[in-house]
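For reference, the chains in residue letters:
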Amino acid sequence: MAGPTEAETGLAEPRALCAQLGHRTYARRWVFLLAISLLNCSNATLWLSFAPVADVIAEDLVLSMEQINWLSLVYLVVSTPFGVVAIWILDSVGLRAATILGAWLNFAGSVLRMVPCMVVGTQNPFAFLMGGQSLCALAQSLVIFSPAKLAALWFPEHQRATANMLATMSNPLGVLVANVLSPVLVKKGEDIPLMLGVYTIPAGVVCLLSTICLWESVPPTPPSAGAASSTSEKFLDGLKLLVWNKAYVILAVCLGGMIGISASFSALLEQLLCASGHSSGFSGLCGALFITFGILGALALGPYVDRTKHFTEATKIGLCLFSLACVPFALVSQLQGQTLALAATCSLLGLFGFSVGPVAMELAVECSFPVGEGAATGMIFVLGQAEGILIMLAMTALTVRRSEPSFSTCQQGEDPLDWTVSLLLMAGLCTLFSCILALFFHTPYRRLQAESGEPPSTRNAVGGADSGPGVDRGGAGRAGVLGPSTATPECTARGASLEDPRGPGSLHPACHRETPRAQGPAATDAPSRPGRLAGRVQASRFIDPAGPHSSFSSPWVIT
């Protein structure tokens, strides 16, 4: 009988070697994914539960539209300063603690919102609504940063983008539920307690699930080499690396701006459309189309990027198309009777904008490695919340009262607003952010390079530009830091069969797990758990005696 082919041997031996060295997956990772997804979804429904029926809420509770807007805006205000604390909790305390704390804050906030409805004669209902929304906003900071961390710690490389997509898209799914369910539940003021009670139920369920079913933050054995070196930088050191990483800063500013625009769009959609004569039910439908097509796009894009690793291309193309769809929406939304055109543009906005969110988060982790996943994605969300505050305040400030007769269906008892300038501002910002990202963002995939055993990128880890003299290219300089190679006979005698099938000539990660710990200042004495890399992947500075010093000329060294 013929023996196995070279290709079969080359694929089988690295897998067997990796299994022998301890990389494995656990079925309970799906329970963790379910808990975070449900919590993300519940938190999003609580965030926008008031926005689709803003006029009814304002009329029944005798509130102004500015107060109703603040019930959504408080999420952005609270989560911006608390976001840094949430990043520290996620990367330092652990994923399990962050998830459980977020679940309890989310449930407590949903209950507090119901107090004005359960206690007759409440003097200031707005204070209880704002307090509940603030607690839910604290929970959002903990849960919305978690998907990339969960994918990195619990899922193998070929499932990371998909797992991140599922957990991340549960947030817009919650926005979809709020846009559809709130107008259905609230037809008049007497229906408000029913709406608040319905949204409290899933918050209680996910709180119970997280408390009982989540046992540990990390699996006993990591699923990949990248998981073994997750959060290899200390919190403050990681933030410093992010600030000096040119590619990451560009991505964070542009993607954060897109997050802020999407948040403003979702929160103000009902007010935008009612001024043109559309009902709250149609506004909810447009919001539902926005989310539905975003989820469908993400379901297709996540597995594709898992296979091809085209993180940069998918992000740039998606955000550019999002900008192209934003311009016609700004024009059509101010016209009357354009229901089909509005529905189509909202669908395109979701398809091109929301679908690239999970991929962009994975791209942030790739370009900032070895900084922890919580910090890499969390800082983008924090920046997005801050930009969202400015964008929403600017859009509301640029509105003017319409004095001429209109077909407005807004029920807050005030003159309808003209949103023309605000919408043009939104379209202009979309175009600006997408152009900057497309033209100036370039980065290697540092985490994939570390896992595949490729030589460190010749791109500068801080600026993203090609490094000058003194760059360590994996030769003598690297040997001087890492010491002589002690690769196993399996890695040397059968080099062809142990090459990583993901790239020609690149050694499989298993061959690099035998590298001795670094000597000198870069070495660390922290013990390694079974199955981890022998040490940690750390950003370091190489000094090549043959040339001048090049700061961060090699983005990591395995110690």
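Residues numbered from 1 in each chain as written. Predicted model: local features only at pLDDT ≥ 70, side-chain atom pairs only at ≥ 80, totals over all residues. Heavy atoms only, no water.

Caption draft 1: Quick look at the packing of helix α9 (residues 160-185) against helix α17 (residues 357-368). Taken N-terminus to C-terminus, the directions of α9 and α17 make an angle of 125 degrees; their axes are 8 Å apart at the nearest point. Between α9 and α17, the angle falls in the class oblique. Classified by chirality, the crossing of α17 by α9 is right-handed. Residues R160, A161, N164, M165, T168 and M169 of α9 pack against P358, M361, E362 and E366 of α17. Split by residue class, the contact of α9 with α17 holds 5 nonpolar, 2 polar and 3 charged. (Axes fitted to C-alpha atoms, helices over the stretch in contact; angles between N-to-C directions. Helix = DSSP H or I, 4+ residues; strand = E, 2+ residues; numbered from the N terminus. Parallel < 35°, antiparallel > 145°, perpendicular 65-115°, else oblique. Left-handed = near helix turned anticlockwise from the far one by under 90°. Contact = heavy atoms within 4.5 Å. Nonpolar A, V, L, I, M, F, W, Y, C, P; charged D, E, K, R; others polar.)

Caption draft 2: Geometry of the pattern of salt bridges. Under the criterion given, the structure shown has 3 salt bridges. For E216, the salt bridge is made with R28, and the minimal N-O distance between the two is 2.4 Å. Placement of the pair is E216 in the loop between α10 (192-213) and α11 (225-228) and R28 in the loop between α1 (6-20) and α2 (29-47), with a sequence separation of 188 residues. Under the relative-accessibility criterion, E216 is labelled partly exposed at 24%. For R28, a relative accessible area of 31% corresponds to the partly exposed category. Two residues, R447 and E362, come together in a salt bridge whose shortest N-O distance is 2.8 Å. Of this pair, R447 sits in helix α20 (residues 446-452) while E362 sits in helix α17; the two residues are 85 residues apart in sequence, bridging distant segments of the chain. Taken individually, R447 and E362 each receive the classification buried, so the pair is uniform in this respect. Connected through shared salt-bridge partners, E362, E366 and R447 make up one network. (Salt bridge = Lys/Arg side-chain N within 4 Å of Asp/Glu carboxyl O. Buried < 20%, exposed > 50% of the residue type's maximum accessible area, 1.4 Å probe, protein only.)

Caption draft 3: Main features of helix α12 (residues 235-243). Among all positions of α12, only F235, G238, L239, L241 and L242 are buried. Looking down the long axis of α12, one finds its buried residues gathered within 160 degrees of arc, a one-sided arrangement. Those residues of α12 that are exposed and aimed more than 90 degrees away from the buried face are L236, K240 and V243. Contact partners of the buried residues in α12: α4 (65-93), α13 (246-274), α17 and α18 (373-397). (Arc of directions from axis to C-beta.)

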